[in-house]
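In case you want the letters, here they are:
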Amino acid sequence: MAKKKYLTETEMLEQFRNSFENAKKQPEIATIMADFGYESEVIAEGELLLKTARTAYDANQKEGDETSKAYKDYAKVKEKLEKIYLLDRKKAKVIFSNDPYAYDELSLAGVVPNAHINFIELTRKFYNGLLNNPELQSKVARLKLTQEGITKALELIEQVNLLRSEFLKELGESQLSRKTKDEALAAIELWMRDFYAVAKIALDDKVKLMKALRN
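Residues numbered from 1 in each chain as written. Predicted model: local features only at pLDDT ≥ 70, side-chain atom pairs only at ≥ 80, totals over all residues. Heavy atoms only, no water.

**Q** Sorry, what's going on with unusual backbone geometry here?
**A** Most peptide bonds take the trans configuration, and most residues that are not glycine carry a negative phi. Of note, the phi angle at Ser107 is positive, near 55°, even though the residue is not glycine. Its identity is not glycine, yet Lys144 carries a phi of approximately 65°, on the positive side.

Written out as structure tokens, the structure is:
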């Protein structure tokens, strides 16, 4: 038994478009289907559902592309911050290896978390701790961890947060557009299922015409 072929969303939309074209442009198909309840007005209702589905599909693709770009922008800057912070952290751990107060003040103990919020809070505490404590700042300066570098790192932290917010906004819009697309596709798919079921009966002895509707 041959396996049923499952169409992609784009293949399905194209098949439906082709079905409507042939149902309208081939007089014999149009006449027979009209006799079975699919007059031009009814076909137009199906075409409207298809247009809605196509629009929703295209919008979801656009939102998906925008979400992907937003994530890449965020990930790129976050990676840059991570590299800077990890090096600066190593410098601080060397300088304050025998200073429990500094270790606590700069959160140098333990591992660096992967979760965004925890990572951002850790880096912000580290750089603010240095910026607001001239004594600690002067000690790390000898390993070229300067006030300028500290300030730039804090600016980078804010940039990462802004880019993540933009990514989350795009993600939310993408998820909403996916829901709209799925509902629109379900509507046209249900309509076409009935259309094909009737066509199979109406064109039972006309294999070529039926094939024209499904190609």
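**Q** How do you make sense of the packing of helix H7 (residues 147-202) against helix H8 (residues 207-214) when you look at a structure like this?
**A** The geometry of a pair of packed helices is captured by two quantities: the angle between their axes and the separation between those axes. Where H7 contacts H8, the two axes come as close as 10 Å, and the packing angle between them is 170°. Here H7 lies roughly antiparallel to H8, going by the angle between them. Of the residues in H8, those in contact with Phe195, Tyr196, Ala199 and Lys200 of H7 are Met210, Leu213 and Arg214. (Axes fitted to C-alpha atoms, helices over the stretch in contact; angles between N-to-C directions. Helix = DSSP H or I, 4+ residues; strand = E, 2+ residues; numbered from the N terminus. Parallel < 35°, antiparallel > 145°, perpendicular 65-115°, else oblique. Contact = heavy atoms within 4.5 Å.)

**Q** In this structure, what is going on with helix H2 (residues 27-35)? I would like to understand it.
**A** An α-helix turns once every 3.6 residues. As a result, residues three or four positions apart point the same way. Those residues of H2 not exposed but buried are Ile29, Ile32 and Met33. Projected down its long axis, H2 carries its buried residues within an arc of 95°, all on one side. Facing away from the buried side of H2, by more than 90 degrees, are the exposed residues Pro27 and Asp35. In this fold, the buried residues of H2 make contact with helix H1 (9-25), H7 and H8. Backbone geometry just downstream of H2 places Gly37 in the positive-phi region, at approximately 100°. (Buried < 20%, exposed > 50% of the residue type's maximum accessible area, 1.4 Å probe, protein only. Arc of directions from axis to C-beta.)

Coordinates in, geometry out; function isn't part of it.
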